[in-house]
Amino acid sequence: MTSAQAREGAVALVTGASRGIGLAVARALAKCGHRLVMTAREPDALEAAVAALRAEGAQAVGCPGGVADSGRARAAVDLATSEFGRLDVLVNNAATNAPYGALMDVDLTRWRAAFTVNVESALHLTQLAWRAWMREHGGAVVNICSEGASHVGPNVGAYGTSKAALLHLTAQLAGELAPLVRVNSVSPGLIRTEMARFVWEGAEEQLAASLPLARIGEPEDVARAVTWLASDAAEWVTGTDVLVDGGTSVRAAAGGTAPYAVHERLRAAAPREP
Ligand SMILES: NC(=O)c1ccc[n+]([C@@H]2O[C@H](COP(=O)([O-])OP(=O)(O)OC[C@H]3O[C@@H](n4cnc5c(N)ncnc54)[C@H](OP(=O)(O)O)[C@@H]3O)[C@@H](O)[C@H]2O)c1
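What counts and how
Residues numbered from 1 in each chain as written. Predicted model: local features only at pLDDT ≥ 70, side-chain atom pairs only at ≥ 80, totals over all residues. Heavy atoms only, no water. Core = buried A, V, L, I, M, F, W, Y, C linked by side-chain atoms within 4.5 Å. Buried < 20%, exposed > 50% of the residue type's maximum accessible area, 1.4 Å probe, protein only. Helix = DSSP H or I, 4+ residues; strand = E, 2+ residues; numbered from the N terminus. Contact = heavy atoms within 4.5 Å. Lys, Arg positive; Asp, Glu negative; His and termini not counted. Salt bridge = Lys/Arg side-chain N within 4 Å of Asp/Glu carboxyl O. Polar contact = N/O pair within 3.5 Å; in protein donor to acceptor, adjacent residues only side chain to side chain. Axes fitted to C-alpha atoms, helices over the stretch in contact; angles between N-to-C directions. Left-handed = near helix turned anticlockwise from the far one by under 90°. Nonpolar A, V, L, I, M, F, W, Y, C, P; charged D, E, K, R; others polar. Pairing = 2+ DSSP bridges.

**Some words on the nonpolar core**
Point 1. Formed by 34 residues in total, the largest nonpolar core has its most connected members in L36, M38 and V186.
Point 2. Elements with a contribution of two residues or more to this core: β1 (11-14), α1 (20-31), β2 (35-40), α2 (43-55), β4 (89-92), β5 (139-144) and α8 (219-230).
Point 3. Ranked by residues supplied to this core, first place goes to α1 with seven residues.
Point 4. Apart from residues lying up to four places away in sequence, V186 is in contact with V142, N143, I144, C145, S146, V222, A225, V226, L229, D241, V242 and V244.
Point 5. Counting residues in hydrophobic clusters, the runner-up holds 30 residues, among them A73, L90, A129 and W133.

**With respect to the side chain of R265**
Point 1. Within the secondary structure, R265 is located in helix α9 (residues 261-268).
Point 2. In this structure, R265 is buried with no salt-bridge partner, the nearest side chain bearing the opposite charge being E201 at 6.8 Å.
Point 3. Polar contacts involving the side chain of R265 include one to the main-chain carbonyl oxygen of E201, which spans 2.8 Å.
Point 4. Contact partners of R265, with chain neighbours within four places excluded, come to Y100, F198, V199, E201, A203, Q206 and L207.

**Considerations on the packing of helix α3 (residues 70-84) against helix α4 (residues 108-137)**
Point 1. For the pair α3 and α4, the least separation of the axes is 10 Å and the interaxial angle reads 35°. Taken as a pair, α3 and α4 cross one another with a handedness that is right-handed. Judged by residue contacts, S70, A73, R74, V77 and T81 of α3 engage H124, L125, L128, A129 and A132 from α4.
Point 2. Classifying every residue of the contact of α3 with α4 by side-chain character gives six nonpolar, three polar and one charged.

**Some details on unusual backbone geometry**
Point 1. The omega angle of the peptide bond from A98 to P99 is -5°, so this bond is cis rather than trans.
Point 2. In this fold, P99 is placed in the loop between β4 and α4.
Point 3. Despite not being glycine, N155 has its phi angle at roughly 70°, a positive value.
Point 4. Along the polypeptide, N155 turns up in the loop between β5 and α5 (157-177).

**Here's the deal with the sheet that holds strand β3 (residues 60-64)**
Point 1. Spatially, the seven strands line up as an open sheet ordered β3-β2-β1-β4-β5-β6-β7, and their pairing is parallel. For this open sheet the edge positions go to β3 and β7 (241-244), each flanked by a neighbour on one side alone. When the angles between neighbouring strand axes are averaged without regard to direction, this sheet yields 15°.
Point 2. Where strand β6 (residues 181-188) meets β7, four bridges bridge the pair, whose relative direction is parallel. Paired with S187 across the two strands is L243, which belongs to β7.
Point 3. Seen against the sheet, α2 touches β2 and β3 and runs at an angle of roughly 175° to β3.

This is the structure in structure tokens:
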């Protein structure tokens, strides 16, 4: 099988789906034939995203709530089975890039909160999906990591460490849940979304010049990798990470002499706190 087409009647749960990469993933999965449960914390934005996908012909429902709220995580999985009767695909996409700054100054309460959202919630939702559907019927889990999981950068130590933990969690779960459930991750480089706006806004030319593939990423670049991993086209793929980074990791061999502009921006700018 080579296409990313969904199995007949398949259902996908996408966290953090009201905008950015999560919304692009939800839209792409719907185009492949999945029915959708979408989550995010802000209910109006989530409802607008659900309505937009429905207007495009998708069967989608929203379940407002944060992934760190165990009751809301359970509600999202319950909604998949009560509304659609199954849960084939889980995309753990929601994350936070706070706290920002040097690790010696990091507030440990905020560090723990980041790990709860970025790591623990992915485990919890996988447990819930496994118990609700996947341990009997199989499925696929895709975790959205980051290229920052594999190398260090200024001011993003908490985020990068949590994403490295998510990368390890992906591999561990892949081993534990095989052969019924495949677990993989996608690691985006710099993507044009709200979360990364503080990096790319006003600096696109400089950023593009420092990347081998000469542009920053779009949410759809990530979504295409996710739909492949979620589908039977990747039926012999588990425990792996797909880097979607415009060649960031190979830039040293690409002949570029410009300094890595993403790190320059991370040094100079700071994100809006969520
Ligand atoms: N953009 C990049 O350059 C980049 C690079 C590498 C990796 N990533 C990863 O890609 C994923 C998506 O990021 P993005 O750039 O698309 O971010 P984004 O544009 O800020 O969108 C984040 C989405 O997640 C939701 N969300 C945030 N916190 C949540 C929580 N605790 N519980 C449930 N939903 C939550 C947001 O809605 P609410 O605020 O209403 O909850 C929104 O729908 C993240 O895992 C991120 O780490 C992004």
